[in-house]
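# Descriptive analysis of the structure
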Amino acid sequence: MSTLMHDVVVIGGGISGLMASIYLAGKGYKTALISRGDPVCCLSTGCIDVLSTALNPLDGFGDLSEMHPYHLVGKKGVEQACKLFKEIMSKSPIPYVGSIRKNREILTPIGTFKTTCLVPQTMAASLGCRDEYVHVISFTGIKDFYPSYITSRLSNTGFSLYDAGVSSTLAIAARFEEKGFAADFATWITGLELPPGKVALPAVLGVNNPVAIMEEISSRINREVFEIPTLPPSIPGLRLFRALKAAFQDLGGDVFWGMPISSVERHGHIIEAVTLATSARATRVQGKAFILATGSFVSGGLFATRDSVYETVFGIPVHVPGARKDWFWNDFFTAGHPIEEAGIEVDSSFRPKQTTLENLFVCGSILARSEVMKNHCGHGLALATGLKAAKVCERKLT
Amino acid sequence: MSIKTDVIIIGGGATGCGIARDLALRGVHHYLIEKGDFASGATGACHGLLHSGGRYVVNDPEAAHECITENTILRKIAQKCVETTGGLFVRLPGDSKRYRDRFLKGCDEVGIETSVLSPSKALDLVPNLNPAMEEAVMVPDCSIDPFRLCMLNAYTSRHRGGNILTHHEVIEIIKEKGVCVGVKARERLTAQIKEIRARIIINATGAWGDKLARLGGSEVPMTLSKGSLIISNHRLTNMVINRLRVPSDGDIIVPNEAVCLAGTTSITVQDPDNLEIDPAEVDLVSTQAEQMIPSFGTTRLIRAYTGVRPLLKASGTDGRSISRGFKIIDHENGMFSILGGKLTTYRLMAEKMVDVIMEKFALRTTCRTAELPLEGQDELSGYPLSKRLSNMDDIVCECELVPRRIVEQAINTMGTHYVGDIQHRTRLGMGPCQGGFCTYRALGIMQELGKVSPDLSLKILSEFLQRRFKGIRPALWGDQLREEQLVEYIYLGILNMENA
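Thresholds, definitions, all that
- Residues numbered from 1 in each chain as written.
- Chains lettered and ligands numbered in written order.
- Predicted model: local features only at pLDDT ≥ 70, side-chain atom pairs only at ≥ 80, totals over all residues.
- Helix = DSSP H or I, 4+ residues; strand = E, 2+ residues; numbered from the N terminus.
- Buried ≥ 20, exposed ≤ 12 C-beta atoms within 10 Å, placed from the backbone.
- Axes fitted to C-alpha atoms, helices over the stretch in contact; angles between N-to-C directions.
- Parallel < 35°, antiparallel > 145°, perpendicular 65-115°, else oblique.
- Left-handed = near helix turned anticlockwise from the far one by under 90°.
- Contact = placed C-beta atoms within 7 Å.
- Nonpolar A, V, L, I, M, F, W, Y, C, P; charged D, E, K, R; others polar.
- Pairing = 2+ DSSP bridges.

A few words on the environment of B:S266. Residues and elements named next belong to chain B. The topology assignment puts S266 in the loop between β18 (259-263) and β19 (267-269). On the basis of neighbour counts, which here come to 20 C-beta atoms within 10 Å, the residue S266 falls in the buried class. Along the chain, S266 and D394 lie 128 residues apart, while their C-alpha atoms are 43 Å from each other.

Residues and elements named next belong to chain B. Direction vectors running N to C along helix α2 (residues 61-77) and helix α3 (residues 97-110) enclose 55°, while the axes themselves pass 10 Å from each other. It follows that α2 is oblique to α3 by the angle criterion. α3 is crossed by α2, and the crossing has right-handed handedness. Packed against α2, whose contacting residues are P61, A64, H65 and I68, the element α3 presents G106, E109 and V110 at the interface. Across the contact of α2 with α3, the residue classes break down as four nonpolar, two polar and one charged.

So, about the pairing of strand β7 (residues 134-139) of chain A. Within a regular strand, the side chains alternate between the two sheet faces. All names here are of chain A. Of all six residues that make up β7, six are buried, and the element is covered over most of its length. Pairing analysis gives three bridges linking β7 to strand β9 (residues 198-202), with the strands arranged parallel. Its bridge partner lying in β9, V134 is registered against K198. Of the pairings in the sheet, the one linking β7 to strand β8 (residues 157-162) comprises six bridges and is parallel in character.

Below, the discussion takes up unusual backbone geometry. In this chain, A:P232 is followed by A:P233 through a cis amide linkage whose omega measures -5°. Following the sequence through the fold, A:P233 ends up in the loop between β10 (225-228) and α7 (235-250). The amide bond that connects B:G263 to the next residue, B:T264, takes the cis arrangement and shows omega of 0°. Turning to its location among the elements, B:T264 is positioned in the loop between β18 and β19. Within the chain, B:N274 stands out as a residue other than glycine whose phi angle is a positive 55°. Take B:N274: it is sitting in the loop between β19 and α7 (279-292). Given 7 C-beta atoms within a 10 Å radius, B:N274 is considered exposed. At B:A362, a position not held by glycine, the phi torsion is positive, near 55°. For B:A362, the location among the structural elements is in the loop between α8 (346-361) and α9 (385-389).

As structure tokens, then:
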């Protein structure tokens with residue numbers, strides 16, 4: 001078995017783990033990022049929901065439960081994390097727009113508006129589309145996008161269907177990256193002779209260079225274009241993940257992808273190493289500090305049995321909101337079922353409360369009482385707690 | 001303007017559909033009115049077990065005898081609905097040996113063929129069985145598809161002059177001079193009302209029997225017994241598994257397509273509507289199932305469901321000890337109620353009911369439902385896996401491999417605007433995600449085909465999600481909980497549906 005030495009080992013390749021890894025690698029620490037597979041953010045809209053319960057997300061802090069992890073980060077910490085995130089993304093092919101002090105609305109595939117905070121530039125023009133003509137374009141055979149939902153809800157809309165020759169969102173995105181495809185598409189739109197207004201389409205404008213593709217189409221048809229996020233698998237979520245992963249690798253970080261952890265070495269109050277199950281020889285990754293960013297149930301950081309919940313890597317005690325019969329409300333549409341409270345309770349240094357472990361820090365949606373659906377704070381919480389956990393970990397290393 | 005017919009059947013479960021078929025074969029004009037889709041009451045909410053009769057043989061030999069007779073008939077006439085799995089009654093350590101002796105004697109007396117198997121022989125047949133069992137008894141239990149059974153019975157009716165109205169709720173029984181002469185039925189979605197008049201009205205509404213009888217000014221005494229079941233994500237047995245003991249909670253497991261159904265509980269309720277499943281019922285059934293098939297405890301559960309057994313009223317006894325026999329009540333006002341019974345004996349119940357109708361009409365045509373195979377079996381032969389696997393283009397439901405073409409075909413041939421109708425007929429949404437992904441798509445396709453407006457389809461989608469959650473909620477842990485949180489994210493996080 002080969003051993004690899006690192007300053008910090010981050011477990012979990014989602015937004016919080018990536019944010020923590022990028023910060024630490026940027027500070028010169030030798031950082032390893034371990035992930036069992038592509039993260040759940042690939043299924044997301046790609047938008048950064050910070051807190052959707054108030055017009056200014058920071059004003060929503062007062063409505064959060066007393067023990068919400070945001071309080072451990074503070075408003076300033078959330079602002080810093082978003083600022084750093086925008087800086088990172090500004091160097092990527094998909095810069096983000098928006099202000100941490102003002103939420104915005106984006107159009108959804110069923111014609112409702114979703115409140116969010118920071119959005120990829122390809123969704124910037126979604127703002128204010130209630131007030132002007134929007135022409136929705138869909139693609140032949142696409143499974144999860146039915147423009148009539150939108151055209152029936154918004155008064156001033158039209159729609160057309162374009163045949164890209166393929167029908168999955170990923171395949172259409174690949175078509176947009178072929179030379180000349182965007183130009184042909186733009187020529188077709190021009191031929192539609194639309195009334196003045198914007199053009200909206202499902203988020204398929206390529207995976208690698210969406211802003212450039214959008215700008216090319218926009219300048220050819222001389223009107224604003226924007227993307228509407230789609231159901232999973234979501235291309236804006238995939239782009240976000242890839243951009244952050246690339247940023248980490250550019251800083252010299254080591255990634256271990258598709259490798260579940262098979263064992264943990266613990267010595268007293270210290271975690272010394274984890275072993276990765278690979279198809280070849282097992283790899284042992286040793287670190288001075290560890291950051292747990294494995295997410296909640298969907299990403300597999302937590303797992304529920306018939307009557308309990310456990311944490312899947314270290315077996316740290318989990319805060320569970322009562323018995324199973326109390327985990328969910330009867331009504332599907334009451335966002336924030338009690339089970340959302342499940343997670344790891346941490347102290348102000350983001351160390352798990354119910355253990356004596358000294359070199360383990362926890363961040364992201366695995367934190368107890370984060371209530372991501374109730375507050376619509378998923379990616380915002382990941383960024384803020386990811387950065388904060390990295391900073392307290394940094395203090396431990398120096 | 002009112003429609004005229006001879007007989008109105010209310011209720012589209014196995015009994016109602018069976019009566020419609022029988023009437024059609026005897027040349028009597030009729031209307032069947034069902035407030036939901038076929039099999040939406042107890043018929044669709046049971047195990048889908050075609051009893052050999054073994055379960056009743058000790059306590060109710062008469063019911064057992066009916067079961068084995070009907071079991072033999074249905075295996076012959078309804079081949080496309082019945083999977084002749086065979087069944088095992090498994091005796092576990094601690095289960096009474098005396099009961100086993102009475103069981104074997106009873107089977108012998110009513111004519112249920114048995115063979116006693118050693119644990120190793122039984123394990124050979126069903127490797128997932130609890131190896132600690134004492135022995136197993138093989139009986140001719142089968143798995144039956146109740147929905148398909150109703151469809152095929154209705155098929156004969158439709159093709160022989162009968163009329164079937166699903167999604168129509170009877171809101172009034174028209175009475176003239178104290179006699180029931182017709183009904184008013186309201187279409188569920190459009191609220192359009194039809195008036196239908198007939199010489200005889202049959203109340204075959206199962207658990208809703210008393211509610212319906214009261215519309216006509218009568219009452220029918222019934223005990224409503226709620227039974228909840230769970231569905232595992234795997235077919236853990238190819239045979240029906242029963243516990244060899246006095247019938248009790250959670251002692252039957254039935255294989256069905258790619259899954260297994262386990263149940264049930266027995267809890268007396270007052271109202272057949274708005275049933276809730278308590279997570280404790282799920283725990284009870286899965287712990288019992290686990291005793292017969294240990295891997296049931298670690299297998300992902302897709303959901304739970306519940307139905308109400310409409311049992312004949314008997315005072316002072318609990319649901320399990322009440323006879324599973326049936327009864328025809330003449331309200332002597334033009335209306336009859338047919339009550340009790342069970343899926344296995346639906347044909348016999350229909351025969352007896354129609355005999356009474358024929359007598360009233362002074363007609364002599366005899367019943368042929370036991371001899372003639374169900375019509376339409378070739379057309380409604382389903383969509384077997386072999387076909388699904390060879391047709392992977394444009395899949396709408398990834399769990400059950402249903403392509404868009406099949407969905408469109410179902411929408412067009414039925415002209416339906418009920419998404420449940422499509423799900424029942426194509427298996428769309430029956431897999432692990434329980435329609436979390438594909439229902440949105442099916443409704444999109446219905447919009448494109450001009451069957452529903454976008455506003456209406458959002459309403460249907462939100463009702464569907466509520467209904468779906470009701471079944472999933474009591475069995476949420478493990479991977480099913482993971483999947484559910486993703487589905488919640490889609491509708492509340494991406495689509496912002498709570499504000500639609």
